[in-house]
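What follows is the residue order along each chain.
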Amino acid sequence: DGVDRAKKGLRWVSENLEEGALFNVIAFNSAVMPWQEAVAASSGATRGECDAWMEKLGALGGTSLFDSLRAAFEDSDVDTIVVLSDGEPSVGELTEPSAIRDEVLRWNRDRGIVIHTVAMGGSFKILEWLAEDSGGLHVRHD
């Protein structure tokens, strides 16, 4: 299932972070659920805490892509975002892909945040656009 694949992908990313690298995870479905209020330094302990938090996540509700991106952009320490999603935006303040793209472009004009995206099944243009617009990579994981 998509959630299990996303957890596996996130676990791989967190295990391969450099010691001391700053990271956070923001889960999203109908709601936006950050693991931490702000980024945390990567260590064995923080990766373990994040892994335990991720294990509790399940697939519920829609896809609140816009609200989760806004939460990531609100942290001034963020320089890279990785989005894993298995669906088109369906809930939140904005759900229309072109409108989300326009807002993210506006937010990122002075930030230069790189956005990497992973489509967990399907082909979602918004994920391709986010990566393309920011110099990130986009992959499909079917």
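Residues numbered from 1 in each chain as written. Predicted model: local features only at pLDDT ≥ 70, side-chain atom pairs only at ≥ 80, totals over all residues. Heavy atoms only, no water.

(A) Summary view of the sheet that holds strand β6 (residues 114–119). In space, the 3 strands of this open sheet follow the order β5-β6-β7, with parallel pairing throughout. Among the strands making up the open sheet, the edge pair consists of β5 (80–85) and β7 (138–140). On average, adjacent strands in this sheet sit at an angle of 10 degrees to one another, irrespective of strand direction. Two elements, β5 and β6, share 6 bridges in a ladder whose sense is parallel. By the bridge assignment for β6, Leu84 is matched with Val118. Running over the sheet, helix α3 (residues 65–73) touches β5 and β6 and is turned about 160 degrees from β5. (Pairing = 2+ DSSP bridges. Helix = DSSP H or I, 4+ residues; strand = E, 2+ residues; numbered from the N terminus. Axes fitted to C-alpha atoms, helices over the stretch in contact; angles between N-to-C directions. Contact = heavy atoms within 4.5 Å.)

(B) Region of the structure containing the side chain of Ser64. When you line up the elements, Ser64 lands in the loop between α2 (44–55) and α3. A polar side-chain atom of Ser64 sits 3.2 Å from a polar atom in the side chain of Asp67. (Polar contact = N/O pair within 3.5 Å; in protein donor to acceptor, adjacent residues only side chain to side chain.)

(C) Representation of the environment of Glu103 within the structure. When you line up the elements, Glu103 lands in helix α4 (residues 97–108). Along the chain, Glu103 and Val13 lie 90 residues apart, while their C-alpha atoms are 27 Å from each other.

(D) The arrangement of helix α5 (residues 125–134) in detail. If you check which residues of α5 are buried, you get Ile126, Leu127, Leu130, Ala131 and Ser134. Buried residues in α5, looked at end-on, bunch into an arc of 135 degrees, giving them a common side. For α5, the secondary structure elements touched by its buried residues are α3, β5, α4, β6 and β7. Gly135, located one to two residues past α5, shows a positive phi value of around 80 degrees. (Buried < 20%, exposed > 50% of the residue type's maximum accessible area, 1.4 Å probe, protein only. Arc of directions from axis to C-beta.)

(E) Focus on the layout of surface pockets. By volume, the second largest pocket amounts to about 220 Å³. Taken together, 13 residues form the lining of the second largest pocket, with Gly9, Val13, Leu84, Val118 and His141 sitting closest to its centre. Considering each element in turn, the lining of the second largest pocket owes the most residues, 7 residues, to helix α1 (residues 2–15). A class-by-class count of the residues in the lining of the second largest pocket yields 9 nonpolar, 2 polar and 2 charged. (1 Å grid on protein atoms, 1.4 Å probe; cavity = no way out; pocket = protein on both sides within 12 Å on 5 of 7 lines; lining within 4 Å. Points joined across faces, edges and corners; volume = space filled by probe spheres on them. Nonpolar A, V, L, I, M, F, W, Y, C, P; charged D, E, K, R; others polar.)

(F) Molecular detail of the nonpolar core. Counting 19 residues, the largest nonpolar core has Leu69 and Ile81 as the members making the most contacts within it. Among the secondary structure elements, those contributing two or more residues to this core are α3, β5, α4, β6 and α5. If sequence neighbours within four positions are ignored, Ile81 has contacts with Leu69, Ala72, Phe73, Ile113, Val114, Ile115 and His116. Counting residues in each nonpolar core, the second largest holds 8 residues, with Phe23, Val25, Trp35 and Trp53 among its members. (Core = buried A, V, L, I, M, F, W, Y, C linked by side-chain atoms within 4.5 Å.)

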